[in-house]
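Residues per chain, in single letters:
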Amino acid sequence: MVKLAPGGPFSRERAFPPEVLKKLEEKYDLDKPIYTQYWLYMKRVVFEFDLGPSTRYADRSVNELIATKVRYSMTLGFGAMVFALLLGITAGLTASLNHNKFLDYAPMGMAMVGVSVPDFVMAYILMIIFGLSLNWLPVAGVESWQGYVLPCITLGFVYAASISRLTRGGMLEILGQDFIRTAKAKGLPKHVILLRHSLRGGLLPLVSYLGPASAGILTGSIVVEEIFLIPGIGKLLIESATNRDYTLALGCVIVFALLILVFNMVVDLVYGFLDPRVKYE
Amino acid sequence: MAILKVSDLVVEFHTDEGIVRAVDRLNFELEAGEVLGIVGESGSGKSVSCLTLMGLLPIPPAKIRSGKILFGDNDLLKYSNAEMRKIRGHEISMIFQDPFTCLNPYLKISTQLMEVMEFHSKKTPAEARRRCLEVLEQLGIPDPELRFNSYPHQLSGGLKQRIMIAMSLLLQPKILIADEPTTALDVTIQAQILDLLKQINKDHGTSIILITHDMGVVAGLCDRVQVMYGGRLAERGSSDDIFYRTRHPYTKGLLYSIPSLTVKPGDRLDPIPGAPPDLTRVGDFCAFADRCDFVQEDCRTHRPPVTQSNEDGSHWFECYHPVEGEKNA
Ligand SMILES: Nc1ncnc2c1ncn2[C@@H]1O[C@H](COP(=O)(O)OP(=O)(O)OP(=O)(O)O)[C@@H](O)[C@H]1O
Ligand SMILES: [Mg+2]
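Our subject in this report is the structure included herewith. (Residues numbered from 1 in each chain as written. Chains lettered and ligands numbered in written order. Predicted model: local features only at pLDDT ≥ 70, side-chain atom pairs only at ≥ 80, totals over all residues. Heavy atoms only, no water.)

**Topic: the overall build of chain B**
Keep this limit in mind: In this description a helix means any DSSP run of H or I spanning at least four residues, a strand means any run of E spanning at least two, and both kinds are numbered starting from the N terminus. Here the globule rule is a power law, 2.2 Å times the number of residues to the power 0.38, and the radius of gyration is based on C-alpha atoms. Using a 1.4 Å probe on the protein chains alone, a residue whose accessible area is under 20% of its type maximum counts as buried, one over 50% counts as exposed, and one in between counts as partly exposed. Note that accessible areas follow from Shrake-Rupley with a 1.4 Å probe, and for residues the cover is restricted to the protein chains shown.
Scanning chain B from N- to C-terminus turns up 12 helices and 12 strands. Relative to its length of 329 residues, chain B is compact, with a C-alpha radius of gyration of 20 Å against a globular reference of 20 Å. Across its three principal directions, the C-alpha atoms of chain B cover 65 × 50 × 45 Å. Out of the 329 residues in chain B, the part that is buried amounts to 53%. As displayed, chain B has an accessible area near 15000 Å², and 50% of this comes from carbon and sulfur atoms.

**Some thoughts on the pattern of salt bridges**
Residue and element names in this part refer to chain B. Stated formally: We define a salt bridge as a contact between a side-chain nitrogen of Lys or Arg and a carboxyl oxygen of Asp or Glu at a distance within 4 Å.
Evaluation of the coordinates by the stated rule reveals 16 salt bridges over all chains. The residue Glu 12 makes a salt bridge to Arg 21 at a minimum N-O spacing of 3.0 Å. For Arg 21, a relative accessible area of 16% puts it in the buried group. Asp 241 is the salt-bridge partner of Arg 245, the closest N and O atoms lying 2.9 Å from each other. Asp 241 sits in the buried class, given a relative accessible area of 6%. Each member of the salt-bridge network shares a partner with another, and the members are Glu 12, Arg 21, Asp 24, Arg 25, Arg 65 and Arg 232.

**Thoughts on a nonpolar patch on the surface**
Residue and element names in this part refer to chain A. Which entries qualify depends on this criterion: Nonpolar side chains (Val, Leu, Ile, Met, Phe, Trp, Tyr) within 5 Å and like charges within 9 Å form the patches, drawn only from residues with over 30% relative accessible area and no salt bridge.
Together, Phe 120, Val 121, Tyr 124, Ile 125, Ile 128, Ile 129, Leu 132, Leu 134, Trp 136 and Val 223 line one region of the surface with nonpolar side chains, adding up to about 960 Å² of accessible area. Considering every element that reaches the nonpolar patch, the biggest residue donor is helix H5 (residues 119–133), with seven residues. By relative accessible area, which is 38% here, Ile 129 ends up partly exposed.

**Quick word on the packing of aromatic side chains**
Quick reminder of the rule: Only centres within 6.5 Å qualify two rings of Phe, Tyr or Trp (six-membered ring in Trp) as a pair; their planes then separate them into stacked at under 30 degrees, edge-to-face at over 60, and tilted for everything else. In this analysis the charged atom, NZ for Lys or CZ for Arg, is taken to sit over a ring once it is within 6 Å of the ring centre and within 35 degrees of the ring normal.
Enumeration according to the criterion identifies three aromatic pairs over all chains in this entry. Consider the rings of B:Tyr229 and B:Phe288, whose centres lie 5.0 Å apart with planes at 80 degrees: the pair is edge-to-face. Here B:Phe288 lies in the loop between helix H11 (249–256) and helix H12 (297–301) and B:Tyr229 lies in strand E9 (residues 224–229), a separation of 59 residues in the sequence. Across the pair, exposure class does not vary: B:Tyr229 and B:Phe288 are buried alike. With a centroid separation of 5.2 Å and an interplanar angle of 65 degrees, the aromatic rings of B:Tyr250 and B:Phe288 are classed as edge-to-face. Separated by 38 residues along the polypeptide, B:Tyr250 in helix H11 and B:Phe288 in the loop between H11 and H12 bring together distant segments of the chain. Residue classification places B:Phe288 among the buried residues on the basis of a relative accessible area of 4%. Every member of this aromatic cluster is reached through a ring pair, and the members are B:Tyr229, B:Tyr250 and B:Phe288. Its end group placed over the ring of A:Tyr72, A:Arg71 keeps NZ or CZ at 4.6 Å from the ring centre. Between A:Arg181 and the ring centre of B:Phe96, over which it is positioned, the NZ or CZ distance is 3.8 Å.

**Some details on the sheet that holds strand E4 (residues 62–71) of chain B**
Residue and element names in this part refer to chain B. Note the threshold: Paired strands, in this sense, are two strands between which DSSP finds at least two bridges. Any two residues having at least one pair of non-hydrogen atoms within 4.5 Å are treated as being in contact. Axis lines are fitted to C-alpha atoms, over the contacting stretch for helices. Their N-to-C directions set the angle, which ranges from 0 to 180 degrees.
One open sheet accounts for four strands, arranged E2-E1-E4-E5; its pairing is antiparallel. Of all strands in the sheet, those with a lone pairing partner are strand E2 (18–31) and strand E5 (74–75), marking the two edges. Where strand E1 (residues 2–15) lies against E2, 10 bridges are found, and the strand directions are antiparallel. Pairing of Glu 12 across the sheet is with Arg 21, part of E2. Sitting on the sheet, helix H1 (residues 46–54) is in contact with E1, E2 and E4, with an inclination near 115 degrees to E1.

**A few points about the interface of chain B and chain A**
How big an interface is tends to be expressed through the accessible area that disappears when the partners come together. Threshold: Put simply, buried area is the surface a 1.4 Å probe can reach on two separate parts but cannot reach once they are joined, added for both. We define a polar contact as two N or O atoms separated by no more than 3.5 Å, with the added condition that, inside protein, one atom must be a possible hydrogen donor and the other a possible acceptor, whereas residues neighbouring each other in sequence contribute only through side-chain atom pairs. Gly counts as polar in this scheme, as do all residues outside two lists: the nonpolar Ala, Val, Leu, Ile, Met, Phe, Trp, Tyr, Cys and Pro, and the charged Asp, Glu, Lys and Arg.
At the junction of the two partners, chain B supplies 25 residues and chain A supplies 22 residues. Both sides together, the interface formed by chain B and chain A hides about 2200 Å², and carbon and sulfur atoms give 62% of it. Taken as a group, B:Tyr106, B:Glu115 and B:Phe119 account for 30% of the area that chain B buries against chain A, more than any other trio of residues on that side. Remark: the boundary between chain B and chain A carries three salt bridges. Its salt-bridge partner being B:Glu115, residue A:Lys186 comes within 2.7 Å of it at the nearest N-O pair. Taken together, the links from chain B to chain A amount to 14 residue pairs in polar contact (both at pLDDT 80 or more). Those elements that place two or more of their residues in the side of chain B that touches chain A are H1, helix H3 (99–102), helix H4 (109–120) and helix H7 (157–169) of chain B. Per element, the largest residue contribution to the side of chain B that touches chain A is seven residues, and it comes from H4(B). In the side of chain B that touches chain A, the residues fall into 14 nonpolar, seven polar and four charged.

All we've got here are geometric facts, nothing functional implied.
Right under this line is the structure:
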């Protein structure tokens, strides 16, 4: 698909002499028919975990390029996820335990806003308030950990909002169940009813959401890295796409896909661990 | 001797449709060691009154307007949450209708049994475990060790209800409240569970309050019966009083609803014409007046007083125009 876009990695303002171009295309197998290219590429990726050389940066392999960037993206994604979980679960629990009171409406109102404001609007609002007006936090770059704060919030907020709603819904559902009444009838203290009897079932909807959420955070990171100038894989992907750096762009996409796959598998395992009724053969 | 004495209990629910008076000036006593049956149509306040005894009403929307629940010398309604918690599951325990939803699907049976003792007794885990297995064995649960380590979804409905009963008996409560304990089970299992309750009552002298729709169950099991209608007691007496010396027209209607052999099992009988009373309408009149064959003017202007049917006052009813209490049924 990448190849359908017009232009190629070597079409620059100043054209290469034709014989140099030919040499280059040979090196990257671009002279071969498309299905051969595909076959060669797949063979290398699957059997050698080698995503090939970058077509743009001749001396660097895609593996190496991605490896240097992955740290930034991981920190960002991880930070955003932790932020979303902490805020979302806290808000959701607070709301569910104060059903139909102020402490229910307030967090849910926030969540409503959180879900409807797009990433980039959120980013600029945060930048203006905390970066430019209050001058507390840097608005771009990640030279220090403070640099991650605003991007993580931007990226995580939507998910915090969804997570809080799921947590609230899940908890309310569980708290209305007959077995909670049984637990009360046994004379168990409140904290035991909450922690032992409710939390597991109440957080299950959230757990199944974490797969899609991590995928969303991953793709969201592309935009956020661009906005906050974070040199991560997302930014790499955008650059590679604009440069028609086939192997690099493909490499980034494959890494993304792999990560999403892994997240979903982890989520399934966690779900099975939490719910004894789900059994894997 | 009465172990529990409920007087003048009024419970209301504040709902969007108005104030629903689910329990309306209810008076009754539970004797030590007896099995008390509570019967009545859906919505007559059987569950609500028992949940009130347990301190398990959802407040709000529920509100206890007045009344006393004397347990020994103490009024349970004056107890704090923490004090009630010590009573629940320890002195008074309760089992519910649907064993399929009443056990926590995420926790092992062992956890759910052991935790009762974790918070009510000073038993070590080993002692608690031994006690659990002992009770499981007493209740005729095959292979108790295996069930003990299972999750609820691995057990049948009858077994689940047995587990629920075991759970409520671990600390030998004085009172066991069973709210339609067999409704969700199939017929053969029903009989087993009822036998089990009878056994518990005999062996340990546990007082049992048994809520049911089934007059047949009442006849087989209960020493005393009270018939509820519209949040009030229509009639109360020994099983024989209720079955053979019926006084309240509503009780009579209920007795006619016992399925005879010509009726296919599973048929829902509703031989009493009319709908259950509108509980938002509270006032000084007989709750059954609109459906009663014997209704007269005074039924609609005053709530009938409690009238005694025998000398010692153990059989009484709330009706101006009772049916003549000779041979019924
Ligand atoms: N949570 C609640 N909110 C509002 N009203 C309620 C609530 N629980 C019970 N009620 C009302 O209280 C009345 C008595 O209900 P209750 O559950 O005690 O009936 P019941 O005799 O146990 O009936 P069933 O045989 O169906 O179990 C009902 O009319 C119902 O409308
Ligand atoms: Mg009920």
